[in-house]
Amino acid sequence: MVSLFKEKKNVDVLICGAGPVGLFLANELAELEINFRIIDKVEKHPEFTKALLLSPRTMDILDNRGLLYPFLENGVKMKQLCILQDVQNPSNAFKVDLNGMHSNFSFGLINRQTKTMEYFIDALHEKKSLRKKHVPNVEFGMELIKYEEKDDHVIAVVKNTKSNVEEEIICQYLVGCDGVHSTVRKGINGWTFEGQTLNSSWALADVEIDHELAKYYQGTFIIHEAPIVILPLDARKNTFRLIVKIGDEEKKNETNDHVTHGLTNEAHITLEELQKLFDERIAPIKMELKNPVWISNFKINERIANRYRTGHVFIAGDAAHCHSPFGGQGMNLGIQDAHNLAFKLALAIKDQSADVNKLLDSYEHERHPVGKNVIEGTGYVTNMMSGNDFYTSFLRTRVAPILFNFFPQTVFNFQDNLLQNNLHYLPGSSEILHKYKPRSGAENKLIEAGYYVQDGLLMKITSHKSHEHITMFDIFRSTVLKHTLILFTLNKGVTADCNPFIETLLEIYNDYKNTITPIIISYQGIVHAADVPFMPFQEEGREQHIFVERKFELHEKYGVMKEFGKQAFVLVRPDLYVASAVFEDDVDELKAFLDQYLTKADK
Ligand SMILES: Cc1cc2nc3c(=O)[nH]c(=O)nc-3n(C[C@H](O)[C@H](O)[C@H](O)COP(=O)(O)OP(=O)(O)OC[C@H]3O[C@@H](n4cnc5c(N)ncnc54)[C@H](O)[C@@H]3O)c2cc1C
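So, a few notes on the structure that sits alongside this text. Predicted model only: the values in this text are computed from it and were never measured. (Residues numbered from 1 in each chain as written. Predicted model: local features only at pLDDT ≥ 70, side-chain atom pairs only at ≥ 80, totals over all residues. Heavy atoms only, no water.)

## Details of the overall build of the protein chain
Turning to step 1, where the next piece is worked out: Summing up its helical and strand segments, the protein chain has 15 helices and 28 strands in all.
Turning to step 2, where the next piece is worked out: In the protein chain, which comprises 603 residues, the share counted as buried stands at 58%.
Turning to step 3, where the next piece is worked out: Restricting to contacts in the protein chain with at least 6 residues of sequence separation, those with at least 24 account for 73%.
Turning to step 4, where the next piece is worked out: Roughly 25,500 Å² of accessible area belongs to the protein chain as shown, and the carbon and sulfur atoms make up 50% of that amount. (Helix = DSSP H or I, 4+ residues; strand = E, 2+ residues; numbered from the N terminus. Buried < 20%, exposed > 50% of the residue type's maximum accessible area, 1.4 Å probe, protein only. Contact = heavy atoms within 4.5 Å. Areas by Shrake-Rupley, 256 points an atom, 1.4 Å probe, with all protein chains shown as cover.)

## Some points on the sheet that holds strand β5 (residues 76-78)
Turning to step 1, where the next piece is worked out: The sheet built from three strands is open, its strands ordered β4-β8-β5 with antiparallel pairing. Edge positions in the open sheet fall to β4 (53-54) and β5, since each of these has one partner strand only.
Turning to step 2, where the next piece is worked out: Bridge count for β5 against strand β8 (residues 108-110) is three bridges, and the pairing is antiparallel. Looking at the pairing, Val76 lines up with Ile110 of β8. (Pairing = 2+ DSSP bridges.)

## Regarding the packing of helix α8 (residues 356-386) against helix α9 (residues 390-406)
Turning to step 1, where the next piece is worked out: Their axes nearest at 8 Å, the elements α8 and α9 cross at an angle of 85°. In terms of orientation, α8 lies roughly perpendicular with respect to α9. Here Asn383, Met384, Met385 and Ser386 of α8 come into contact with α9, specifically with Thr392, Leu395 and Arg396. (Axes fitted to C-alpha atoms, helices over the stretch in contact; angles between N-to-C directions. Parallel < 35°, antiparallel > 145°, perpendicular 65-115°, else oblique.)

## Considering the packing of aromatic side chains
Turning to step 1, where the next piece is worked out: Evaluated as defined, the whole model comprises 20 aromatic pairs.
Turning to step 2, where the next piece is worked out: With a centroid separation of 4.7 Å and 70° between ring planes, the pair formed by Phe564 and Phe583 is classed as edge-to-face. Of this pair, Phe564 sits in the loop between α14 (553-557) and β27 (568-572) while Phe583 sits in strand β28 (residues 578-583), and the two are 19 residues apart along the sequence.
Turning to step 3, where the next piece is worked out: In textbook terms, an aromatic cluster arises when at least three aromatic residues are bridged by ring pairs, as seen for Phe24, Phe71, Tyr119 and Phe120.
Turning to step 4, where the next piece is worked out: Sitting over the face of the ring of Phe552, Lys562 holds its NZ or CZ atom 4.8 Å from the ring centroid.
Turning to step 5, where the next piece is worked out: Lying over the aromatic face of Phe564, Lys566 brings its terminal NZ or CZ to 5.6 Å of the ring centre. (Phe/Tyr/Trp six-rings, centres within 6.5 Å; stacked < 30°, edge-to-face > 60°. Lys NZ or Arg CZ within 6 Å of the ring centre and 35° of its normal.)

## Quick notes on helix α2 (residues 56-64)
Turning to step 1, where the next piece is worked out: Counting buried residues in α2 gives eight out of nine residues, a clear majority hidden from the surface.
Turning to step 2, where the next piece is worked out: Of the positions making up α2, those classed as buried are Pro56, Arg57, Thr58, Met59, Asp60, Ile61, Leu62 and Asn64.
Turning to step 3, where the next piece is worked out: Directly beyond the C-terminal end of α2, a positive phi value near 70° is found at Gly66.

## With respect to the packing of α2 against helix α7 (residues 330-349)
Turning to step 1, where the next piece is worked out: Orientation of α2 relative to α7, taken along the N-to-C sense of each, is 40°, at an axis distance of 10 Å. Put simply, α2 runs oblique to α7. Judged by the sense of rotation from one axis to the other, the crossing of α2 with α7 is left-handed. Contacts between α2 and α7 involve Arg57, Thr58 and Ile61 on the former and, on the latter, Asn332, Ile335, Gln336 and His339.
Turning to step 2, where the next piece is worked out: Partitioning the contact of α2 with α7 into residue classes produces two nonpolar, four polar and one charged. (Left-handed = near helix turned anticlockwise from the far one by under 90°. Nonpolar A, V, L, I, M, F, W, Y, C, P; charged D, E, K, R; others polar.)

## A look at the pattern of salt bridges
Turning to step 1, where the next piece is worked out: On inspection of all chains with the given rule, the structure shows 26 salt bridges.
Turning to step 2, where the next piece is worked out: Residue Lys344 pairs with Glu366 through a salt bridge whose shortest N-O separation is 2.9 Å. With Lys344 in helix α7 and Glu366 in helix α8, this residue pair connects regions lying 22 residues apart in the sequence.
Turning to step 3, where the next piece is worked out: In this structure, the salt-bridge partner of Asp595 is Lys600, at a minimum N-O distance of 4.0 Å.
Turning to step 4, where the next piece is worked out: The class of Lys600 is partly exposed, set by a relative accessible area of 34%.
Turning to step 5, where the next piece is worked out: Taken together, the salt bridges that share partners define one network made up of Lys344, Glu366, Arg573 and Asp575. (Salt bridge = Lys/Arg side-chain N within 4 Å of Asp/Glu carboxyl O.)

## Side note on the site of the ligand
Turning to step 1, where the next piece is worked out: Near the ligand there are 31 residues, and of these Asp40, Thr183, Leu204, Asp318 and Met331 occur at the shortest range.
Turning to step 2, where the next piece is worked out: With respect to the ligand, the side chain of Asp40 contributes an N or O atom lying 2.6 Å from an oxygen atom.
Turning to step 3, where the next piece is worked out: Within the backbone of Ala51, an N or O atom sits 3.4 Å from an oxygen atom of the ligand.
Turning to step 4, where the next piece is worked out: The fraction of the free accessible surface of the ligand (1,000 Å²) that becomes covered by protein chains is 92%.
Turning to step 5, where the next piece is worked out: Sorting the residues of the shell around the ligand by element identifies α1 (20-31), β10 (142-149) and α7 as the ones contributing at least two each.
Turning to step 6, where the next piece is worked out: Looking at side-chain class alone, the shell around the ligand contains 13 nonpolar, 12 polar and six charged residues. (Near = heavy atom within 4 Å. Polar contact = N/O pair within 3.5 Å; in protein donor to acceptor, adjacent residues only side chain to side chain.)

## Topic: the environment of Asn35
Turning to step 1, where the next piece is worked out: The topology assignment puts Asn35 in the loop between α1 and β3 (36-40).
Turning to step 2, where the next piece is worked out: Spatially, the C-alpha atoms of Asn35 and Cys171 are 9.9 Å apart, while their sequence positions differ by 136 residues.
Turning to step 3, where the next piece is worked out: Residues in contact with Asn35, not counting those within four places in the same chain, are Val11, Asp12 and Val13.

Listed below in structure tokens is the structure:
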């Protein structure tokens, strides 16, 4: 085969793989004004859909980045789960409402993966048209062949799949978002993908169903014998995604190279065979399956890479982990990997990190345990729903109905955890989370480093007398490129004469102008524009940095309590997790933490 080398090109980041994870990372890097390229070996994305579900936390993140609108506009909001154990008595189905989930979004949002990728590509085009010139197009038909890691860069060889012309790309960082068979992961000796292929065999089908058990706003789980899952695919058509266990097979020894997550090369089940399976399993219920868009067999793999980073090379998404589709977490986990990695790459590239190695290591240290948890959680659910041994069958048929009927909160909490709605990072596991112990311990309820931010209602001061409502998340939407340093003032005033910590906030801002946006949240009646003490936002072309709350809800949510009487500083990272939170009398600890974390503006 002819292979020609063209000239070498430089770029800060090369993203290998334009699946949902690579495309989200591309949007992040574009937003953070990083110079990158994104390639994919296919000429066009395939028409079929693997991932469907956006979890509440992912919706929050997309919302923060201004990407959620088309998903909400066109997706199906799944608001309840229907769990049917006794097919003889469908009226006894147990319903789990999703509206109590820990999020602004109390539903699962279903979109086809093809649409997800389309929306992300549209968003990239939009950023480009807003004259952010660094935003490149996705380069389809470009395959990463191999790469070599040097001391401070990576040399990647990519091939145009049509012309076979090869090109060397010199990048500061290479990120493999190239799926379970990742070329990036396989490119470094010792980078393993350990785990197992489950011996159960499954079918997936997108078909039309006209039956009351299949509803647009609900997911139906029939767990009478082997499980059948029915999920709505379109709000306006009768199309549903079916996931059906076919049976168990002899366990084979599979190596890293035989990962069969998703599609296999085995003979595919036909619609007739699937219908027969349905008729047998759910009799006397009769559910006709029609007009299949896609039918496929698949095996479940539970695997995780031993590392997420090697020097200047990273992996994210399915390249780093894969697991059972129960819980719909794969794409969500991958998008959240990219969310965690993007701002760290940007800090490293812009020379804004005090310790690049520590910063970049924190990606693996924060995300690897999350990947492991999801594999365990989804594996547990899969086993509970489909295991045939006595113990599992007993739990499913005898214990689960009691839980569903009498302890719904237990089921609900489990599901909240499975969807990662409560996810936070442990300060002990990450080098860039402030390990803080307040001097005055007992009354401390302050939010901890590693926790996800809380939303709440505030008022923004617009002119002498008028005030506009705004949410905390609205504020984070406007501070996306930087860390946000919040000073919760209780009712101690917002002017430097009455509150010395206003001066401290300004001082920190002056030191870290490039990476921190300061805001003040005050609990008091009315603040007039004339009271606003300083205008750092104006330097950034914004006018607001001071917000007022009337009900004392946000202070409380962040653990700044009236009775304790101390103001607090909370530093929020661009990925919306708290980096540090300290009381006023420990502000020197925050300064010391910042010294180790970010570079000062004049450096
Ligand atoms: C049946 C099924 C149902 C699922 N349901 C859900 C769900 O409801 N919710 C959910 O969150 N997840 C779900 N998942 C998982 C989800 O599909 C994956 O987690 C998700 O697609 C991972 O995205 P990714 O971008 O990491 O990888 P991929 O989507 O695999 O994309 C990788 C891309 O990299 C490209 N590539 C590979 N090698 C190279 C190379 N050498 N050079 C250039 N490009 C390359 C590929 O062409 C591909 O476009 C499901 C999976 C299956 C199998």
